[in-house]
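Topology and contacts: notes
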Amino acid sequence: MAVLRVKFTKTKRDKLAQILWILNWVSVVSGIILFSLGLFLKIEIKKRNEVMAKGDINSVPNMLISVGVIACIINFLGGKICYDCSDANKFSRWKLVMLPYIVCTFCFTFCILVGALMCYTMRNELEESLYLGLRDAIKFYKDTDIPGRCFLKKTVDLLQIGFRCCGNNGFRDWFEIQWVSPRYLNMASKEVLDRLKSNIDGKFLVDGVPFSCCNPSSPRPCIQYQLTNNSAHYNYDFLTEELNIWMKGCREALLDYYTGIMRSIGIAALLIWLFELSVLIGVRYLQTAMKNVLLLGDLEGESDGWLLENSFVETAKYNINIIKNLGKANQISTVSGMNDPNINVQNTDCDKTNITTKSIPAAR
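Reading the values: rules and limits
- Residues numbered from 1 in each chain as written.
- Predicted model: local features only at pLDDT ≥ 70, side-chain atom pairs only at ≥ 80, totals over all residues.
- Heavy atoms only, no water.
- Helix = DSSP H or I, 4+ residues; strand = E, 2+ residues; numbered from the N terminus.
- Buried < 20%, exposed > 50% of the residue type's maximum accessible area, 1.4 Å probe, protein only.
- Contact = heavy atoms within 4.5 Å.
- Axes fitted to C-alpha atoms, helices over the stretch in contact; angles between N-to-C directions.
- Parallel < 35°, antiparallel > 145°, perpendicular 65-115°, else oblique.
- Left-handed = near helix turned anticlockwise from the far one by under 90°.
- Nonpolar A, V, L, I, M, F, W, Y, C, P; charged D, E, K, R; others polar.
- Salt bridge = Lys/Arg side-chain N within 4 Å of Asp/Glu carboxyl O.

Under an unreviewed UniProt entry, the name given to the chain is RDS2 protein, and the source organism is Acrocephalus arundinaceus.

Pasting the structure below:
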């Protein structure tokens, strides 16, 4: 029994073809939107590429870009098919193409769904990439004279100012590394030498942060050094001075920023998937209705359209049997009772022993 059978008159078939023609062109626009969203996400990731470790974080934008391009091609072809389906004579040229087209479009819509879900599962990979990238960027913050690293100080400073953050996990990350370049240290100062000697790695560590961590909304001048020493500053308590510097880590700030973008893109991709699925269902009804019209031979009469010709269970069994039988066409069955029918068949011509032969007349 057919699933979701619907009866179509000629007028309904023509209207369905016209509506699907319009919707396919709308789907071309949705493909452009998917392409644009993927390109936008790729550019946003590229902007902070210096503070991200190499990984699979570009898989989502790349997939959205690919799906968007494919959507434009498939829906452009679908618009042409639906436009021709308003005429039964023109439909005959697409008769053998429509079913493979529907199968390919179904796989394509599934890719849109996968891309939408990937936007929500990318957070862990992005968090790890940001953690490793920011750790290295902060580590090489002082290397302003080394080629390949000289840009990191500017990158980190602009990042902390733009996203109102400080450090990787927080401002205390700056306490654990030497972020002041040795060229700016006064080696004749006893205080500097004592700090270098007090560290096992010979690093100049201070309980201070770069200027880019300062909060411009602070009512007092920014305190960058001796942040945890209350006695070093007048009327100061580092536990309550939240306005002095940014308290949020840059990893958390960037993660929130990208999560918001991907959540919006994921919602848009899901809406486009639902729209593409509805168009695909309409194309399936049109294909089956037009096919049945040709079978009936009455181009002006009514015809049935459906999603599946048989029930879900029967369709599943049929497809499973096709998959199981793939590659078995050239195999000889060895099951008892299913021997090759050509074996042990007597050839009457070959078994004849009394064959009359004619003698060749001798030459005279």
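1. Section: the side chain of N215
Within the fold, N215 resides in the loop between helix 7 (190–198) and helix 8 (250–296). Under the relative-accessibility criterion, N215 is labelled buried at 8%.

2. Structural notes on the environment of D157
Structurally, the position occupied by D157 is in helix 6 (residues 152–163). Residues contacting D157, with those up to four places away along its chain left out, are Y141, P210, F211 and S212.

3. Some remarks on the packing of helix 4 (residues 95–121) against helix 8
Across the interface, helix 4 lies against helix 8 with an axial gap of 9 Å and an inter-helix angle of 165 degrees. When the axis of helix 4 is compared with that of helix 8, the two are roughly antiparallel. Of the two possible hands of crossing, helix 4 and helix 8 adopt the one that is left-handed. Partitioning the contact of helix 4 with helix 8 into residue classes produces 22 nonpolar, four polar and four charged.

4. Structural notes on the pattern of salt bridges
With the rule as written, the count across this model stands at eleven salt bridges. The salt bridge involving R135 is made with D136; its shortest N-O contact spans 3.6 Å. We classify D136 as partly exposed; its relative accessible area is 32%. Ionic pairing is found between D256 and K248, a salt bridge with its closest N-O pair at 3.8 Å. The class for D256 is partly exposed, based on a relative accessible area of 38%. Of the residues examined, K248 reaches a relative accessible area of 36% and is grouped as partly exposed. Salt bridges sharing common partners tie together E44, K47 and R48.

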